[in-house]
Amino acid sequence: MAGVNKAILVGNLGKDPEVRYLEDRTPVASFTLATTETYKDREGQRQSHTEWHNIVLWRGLAQVAEKYLKKGSSVYIEGRIRSRSYQDKDNQTRYITEIVADNMTMLGGRGEGGNGGAAESGYAANSYSGGAATTKGASSVASNDEPDDLPF
């Protein structure tokens, strides 16, 4: 039986994308993405939990990220979870879990990142998949409604 490895995230960039080019001039971008869950606890107090994700974009997606994304930009990411190990400068083995993105949609929102905050008013979001750009309707991509009492 085949397995499924798919991650879908909507969040804000924690820093500007770092883009590097491999020897064959292939661009690779990486950045952190914050996703925040808000819920009410048993006492009715609002609680929130932020999770940080390491995102990796290749080729065309990396070029789009380099050109259009910055700290605070709101994005939708589809990809797969990958864990790997590496040696740090002190020759210690370190482990990292990353989301290797296959698809990215800039949502706008915070600051002037993405598409300038138009997501809340129902604009057309820019979607990128392996370097090809398309336009999709994003009528309910972002909402300012109060979250449900359920924690999921």
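Notes on the structure in this doc start here. Fair warning: this is a prediction, and the values are worked out from it, not measured in the lab. (Residues numbered from 1 in each chain as written. Predicted model: local features only at pLDDT ≥ 70, side-chain atom pairs only at ≥ 80, totals over all residues. Heavy atoms only, no water.)

Approximately 290 Å³ is the volume found for the second largest pocket. Along the walls of the second largest pocket sit 17 residues, with Arg-20, Ser-30, Val-56, Arg-84 and Glu-98 positioned nearest its centre. Going through the elements one at a time, strand E2 (18-21), strand E3 (27-40), strand E4 (46-58), strand E5 (74-87) and strand E6 (93-108) are the ones with two or more residues in the lining of the second largest pocket. Tallying contributions element by element places E3 first for the lining of the second largest pocket, with five residues. Classifying every residue of the lining of the second largest pocket gives eight nonpolar, three polar and six charged. (1 Å grid on protein atoms, 1.4 Å probe; cavity = no way out; pocket = protein on both sides within 12 Å on 5 of 7 lines; lining within 4 Å. Points joined across faces, edges and corners; volume = space filled by probe spheres on them. Helix = DSSP H or I, 4+ residues; strand = E, 2+ residues; numbered from the N terminus. Nonpolar A, V, L, I, M, F, W, Y, C, P; charged D, E, K, R; others polar.)

With that out of the way, let us pick up the pairing of E3. Two strands pair when backbone bridges link them, and strand E1 (residues 7-13) and E3 are joined in this way by two bridges, in the antiparallel orientation. Looking across to E3, one finds that Asn-12 is bridged to Ala-34. Pairing of E2 with E3, which is carried by four bridges, proceeds in the antiparallel orientation. What sits directly across from Arg-20, in E3, is Val-28. In sequence, E2 turns back onto E3 through a hairpin of five residues, with Arg-25 there showing a positive phi of about 70°. Pairing of E3 with E4 involves 13 bridges; the strand directions are antiparallel. Of the residues in E4, the one forming a bridge with Lys-40 is Arg-46. Hairpin geometry of E3 and E4 is characterised by an intervening segment of five residues between the two adjacent antiparallel strands and by a positive phi of about 85° at Gly-44. (Pairing = 2+ DSSP bridges.)

With that settled, the discussion passes to unusual backbone geometry. One non-glycine residue, Arg-59, adopts positive backbone phi at about 50°. Of note, Arg-59 is situated in helix H1 (residues 59-68). Residue classification places Arg-59 among the exposed residues on the basis of a relative accessible area of 52%. For Asn-91, which is not glycine, the phi dihedral falls at a positive 65°. Checked against the element boundaries, Asn-91 lands in the loop between E5 and E6. (Buried < 20%, exposed > 50% of the residue type's maximum accessible area, 1.4 Å probe, protein only.)

Close approach of charged atoms lets side chains of opposite charge pair. Per the stated rule, a full pass over the model turns up six salt bridges. Among the salt bridges present, the one from Lys-6 reaches Glu-78, with a minimum N-O distance of 3.0 Å. Separated by 72 residues along the polypeptide, Lys-6 in the segment before E1 and Glu-78 in strand E5 bring together distant segments of the chain. We classify Lys-6 as exposed; its relative accessible area is 51%. Judged by relative accessible area, Glu-78 falls into the buried class, the value being 18%. Close ionic contact of Glu-18 with Lys-15 constitutes a salt bridge, the shortest N to O distance being 3.2 Å. (Salt bridge = Lys/Arg side-chain N within 4 Å of Asp/Glu carboxyl O.)

We now examine the nonpolar core. The biggest cluster of nonpolar side chains holds 19 residues, and the ones touching the most others in it are Ile-55, Leu-57 and Ile-77. Contact partners of Ile-55, with chain neighbours within four places excluded, come to Leu-9, Ala-29, Ser-30, Phe-31, Leu-33, Ile-77, Ile-99 and Ala-101. (Core = buried A, V, L, I, M, F, W, Y, C linked by side-chain atoms within 4.5 Å. Contact = heavy atoms within 4.5 Å.)

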